[in-house]
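Structural description and commentary
So the chains spell out like this:
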Amino acid sequence: MLTEYKILLEKWIFSSGTPLSEINFFSGQNKELVKTIDLKPYIMDIGPINNSFEKSSKSETYYSTFPICSNISFTLKGIKNQDYLKSFFGITQNTWFYQYIVNIANNNGKSIWKGIIYQETIEEEFHPSEDSEVIKITAISLTKEFKEYYKTKYLSPWDSIDGWQKESNLKDFSFNSINISYYKIPVSLLLSNMFNNSLFRIEMQADLSQFFVINFPYFGHKKSGSELSNNEIFLKMGYHRIYDSYENKFDFLLKLCNAMGWIFFFEHNILYIKDKCYFNPQQYTIYSPQIEKYTLKKQKEEISFKNIIFLDGKIFAGKYTGCGGMYQGERFYGKTCKNYSLNNKPWSRLSQGHSLKFDVGYRWQRYEFESNDTWSYRLFEWIPQGHGSELYHLSKEETLFLNVGDIGNLYWGYSTNDGHQFFTSNPSGMQEDELCYNGNYGNVLFRYNSNYLYTYIDYAKSLQFSRNMDQYYQSFPARSLSLTLNKIIESPFISIRIIGIPDILGDWAIKEIKTDLLKNKTQLELTKIN
């Protein structure tokens, strides 16, 4: 009930001359708190807090484990003779420098929802015969505000980022004759710089913060064991290359998390970043007396998709490198693909010098072509006679395509003659002993694992990576449930266990949650787990 919650409304004014694009909670522009009012005395009606869990196109994420945005609407009363709310909202003023922040907190002081009111969502309805007026407003969540703002902000140049380090003695690196200086920065520090804002802080899962971001890509052999299989250090992407592609900050975070199998979400002014597989929402138990009504639905039992695919850049090479011609093309990572190999490169290792080596039994794959209905790839394998290959086809309807970052025709080059490395945007202009490549955003990351360098290529072979990707697979059983509770559920970050009603016993996942503070009810749209 509303008596158990405080609903405060803050009115802020930005400095005159602030660009309209910077009238945003996250902009960091100078603004001043004008006034804070208790909104409850003015409330005639209040809509539910709608938290819908993202179901976006298959090009980004499909079923995510956090609400991408939510909203709440208010209908407010005001009397003409008092004229208070009309003045507070500046309805008759020609200015866009105001912003309004709604904070809903329980009586213990814990904020359960915080959001922004845009001036264009404020409207006033007059009833002259009754000498009254009604003001309607809609507030959106901080997640929506965060997305809208940082999608307009491009990555900053490396030299402007605080905390980067020159890497003169990177473990396992052998620089050969390379004349490029290498730099790195902890990923947690990069993101803190990128989203530098006193209004929230970033918390990364401890082991995730051990990754570093490298500025330039790197390809070379390790300091020792250079004739061993998988002996090279292959960082296919660097921050500098992504910066050159004019990427925005929100999409950088989204695509990096997609590539790693991480999630990010806001809760209580904290931006959390975690492994999908280790994000375990608190279980909330519902007992039969709390249930006002429920609707159990039958639906077609199906799996939403059977495969996960994300692209990992392209490789182009001259004929003297050993991997020209048919070995060129677009690489990818996949999950549950038939006979799939985790290798995205046709060579097995580097020689003592700079050339590429190939082994019998070594397997890799590349994207081939696609139609309206199918997506096709070819699996290669070195055999004593040279190589063998087989073509496979995936149904697009059953395949999730993750957006993990693509920098187009910006490449990093490598000479198998002398180890020279360089920028290029013209693969057709490279020499016959050179190759060039790029990769997805996950390839900017590496960490130190004991005595060796652990790259994205290593991570993609790990159990942790596999478990993260498994979270994207969603099984839709034959039952879904609409449930109305006679109580408030304050957090959407929960799973549901129902006790006391035989037909709906067990564990359920939330698809949508609507919290009605006025009526003291919560509506849940659930799907059965397992």
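Please refer to the structure higher up on the page.
Report follows, based on the coordinates. (Residues numbered from 1 in each chain as written. Predicted model: local features only at pLDDT ≥ 70, side-chain atom pairs only at ≥ 80, totals over all residues. Heavy atoms only, no water.)

Digging into the overall build of the protein
Just so we agree on the cut-off: We count a stretch as a helix when DSSP gives it H or I for four or more residues in a row; a strand needs E for two or more, and each element gets its number in order from the N terminus. The buried label goes to any residue with under 20% of its type's maximum accessible area, the exposed label to any with over 50%, and the partly exposed label to all in between, with areas taken from a 1.4 Å probe on protein chains only. Should any heavy atoms of two residues lie within 4.5 Å, those residues are counted as being in contact.
Across its full length, the protein carries seven helices and 38 strands. With 530 residues in all, the protein has 52% of them scored as buried. Of all intrachain contacts in the protein linking residues separated by at least 6 positions in sequence, the fraction that spans at least 24 positions is 68%.

Brief notes about the environment of N344
In this structure, N344 sits in the loop between strand 22 (329–335) and strand 23 (349–350). Residues N344 and I315, spaced 29 residues apart in sequence, show a C-alpha to C-alpha distance of 9.3 Å. Apart from residues lying up to four places away in sequence, N344 is in contact with K236, D312, I315, R331, F332, Y333 and Q365.

A look at the sheet that holds strand 27 (residues 388–395)
Going by this rule: Here the rule is simple: two strands pair whenever DSSP picks up at least two bridges between them. In this analysis an axis means a line fitted to C-alpha atoms, helices contributing only their contacting stretch, and an angle means the value between N-to-C directions, from 0 to 180 degrees.
As summarised here, the arrangement of the three strands in space is 25-26-27, forming an open sheet in which the pairing is antiparallel. Of all strands in the sheet, those bounded by a partner on one side alone are strand 25 (363–370) and strand 27. This sheet shows a mean twist of 25° between the axes of neighbouring strands, independent of strand direction. Pairing between strand 25 and strand 26 (residues 374–381): seven bridges, direction antiparallel. Bridging across to strand 26, Q365 finds its partner in L379.

Some remarks on the packing of aromatic side chains
What counts is decided by this rule: Each aromatic pair joins two rings of Phe, Tyr and Trp (for Trp, the six-membered one) with centres within 6.5 Å, and gets the label stacked for planes under 30 degrees apart, edge-to-face for over 60, and tilted for any other angle. Charge-over-ring placement is defined geometrically: NZ (Lys) or CZ (Arg) within 6 Å of the ring centre, and within 35 degrees of the ring normal.
Under the criterion given, the structure shown has 55 aromatic pairs. On the basis of an interplanar angle of 40° and a centroid distance of 6.4 Å, the ring pair of W375 and Y377 is categorised as tilted. Summarising the aromatic geometry, the rings of Y456 and F465 are spaced 6.4 Å apart at their centres and angled 90° between planes, so their arrangement reads as edge-to-face. Grouping residues by exposure puts Y456 and F465 together as buried. Following the ring pairs from residue to residue traces out a cluster consisting of F25, F26, F146, Y149, Y150, F195, F200, F250, F264 and F266. Looking at K11, its charged tip hangs above the ring of F88, at a distance of 5.5 Å from the centre.

What about the pattern of salt bridges?
Definition in use: Salt bridges are defined by distance alone: a side-chain nitrogen of Lys or Arg within 4 Å of a carboxyl oxygen of Asp or Glu.
What the rule picks out here adds up to 19 salt bridges. D312 is the partner of K236 in a salt bridge, and the nearest nitrogen-oxygen pair spans 2.9 Å. Separated by 76 residues along the polypeptide, K236 in the loop between strand 15 (232–235) and helix 4 (239–244) and D312 in strand 21 (residues 307–317) bring together distant segments of the chain. Notably, a salt bridge pairs E368 with R366, separated by 2.4 Å at the nearest N-O pair. The exposure class of E368 is partly exposed, given its relative accessible area of 24%. Several salt bridges share partner residues, and in doing so they unite R366, E368 and R378 into one network.

Observations regarding the packing of helix 5 (residues 249–260) against helix 7 (residues 463–470)
For the record, the criterion: Should an angle lie under 35 degrees it is considered roughly parallel, over 145 roughly antiparallel, and from 65 to 115 roughly perpendicular; all remaining angles are considered oblique. Each residue gets one label: Ala, Val, Leu, Ile, Met, Phe, Trp, Tyr, Cys and Pro are nonpolar, Asp, Glu, Lys and Arg are charged, and the others, such as Gly, are polar.
The geometry of helix 5 relative to helix 7 is characterised by a closest axis approach of 8 Å and an angle of 110° between their N-to-C directions. Between helix 5 and helix 7, the angle is such that the two are roughly perpendicular. In this structure, helix 5 uses N258, A259 and M260 to contact helix 7, whose residues at the interface are F465, N468 and M469. Here the contact of helix 5 with helix 7 is composed, by residue class, of four nonpolar, two polar and no charged.

Things to note about helix 3 (residues 187–194)
Threshold: This arc is taken over the directions from the axis of the helix to the C-beta atoms.
Within helix 3, the full set of buried residues consists of V187, L190, L191 and M194. Viewed end-on, helix 3 has its buried residues packed into an arc of 95°, placing them on one side of the element.

Description of the environment of N417
Relative to the assigned elements, N417 resides in the loop between strand 29 (411–415) and strand 30 (421–424). Discounting residues that sit within four places of it in the chain, N417 has contacts with H354 and D433.

So, the sheet that holds strand 16 (residues 262–267)
One open sheet accounts for three strands, arranged 12-17-16; its pairing is mixed. Only two strands of the sheet have a single partner each, and these edge strands are strand 12 (201–204) and strand 16. Taking each pair of neighbouring strands and ignoring which way they run, the sheet shows an average axis angle of 20°. Contacts from helix 3 reach strand 12 and strand 17 (270–275) within the one sheet, and its direction differs from that of strand 12 by about 160°.

A few points about the side chain of S351
This is how the line gets drawn: The term polar contact refers here to a pair of N or O atoms within 3.5 Å; inside protein, the definition further demands a hydrogen-donor-capable atom paired with an acceptor-capable atom, and it admits residues adjacent in sequence only when both atoms are side-chain atoms.
Checked against the element boundaries, S351 lands in the loop between strand 23 and strand 24 (356–357). Within the structure, S351 has its side chain in polar contact with the backbone nitrogen of H354 (distance 3.5 Å).

A closer look at the pairing of strand 37 (residues 506–516)
Successive residues of a regular strand alternate their side chains across the two faces of the sheet. With three bridges joining them, strand 36 (residues 494–499) and strand 37 adopt antiparallel strand pairing. The residue bridging I496 from the neighbouring strand is W508, located in strand 37. Hairpin remark: strand 36 followed by strand 37, antiparallel, with six residues in the connecting loop; positive phi at G500, about 105°. In this structure, the hairpin formed by strand 37 and strand 38 (residues 521–528) is closed by a connection of four residues, where N520 is found at a positive phi of approximately 55°.

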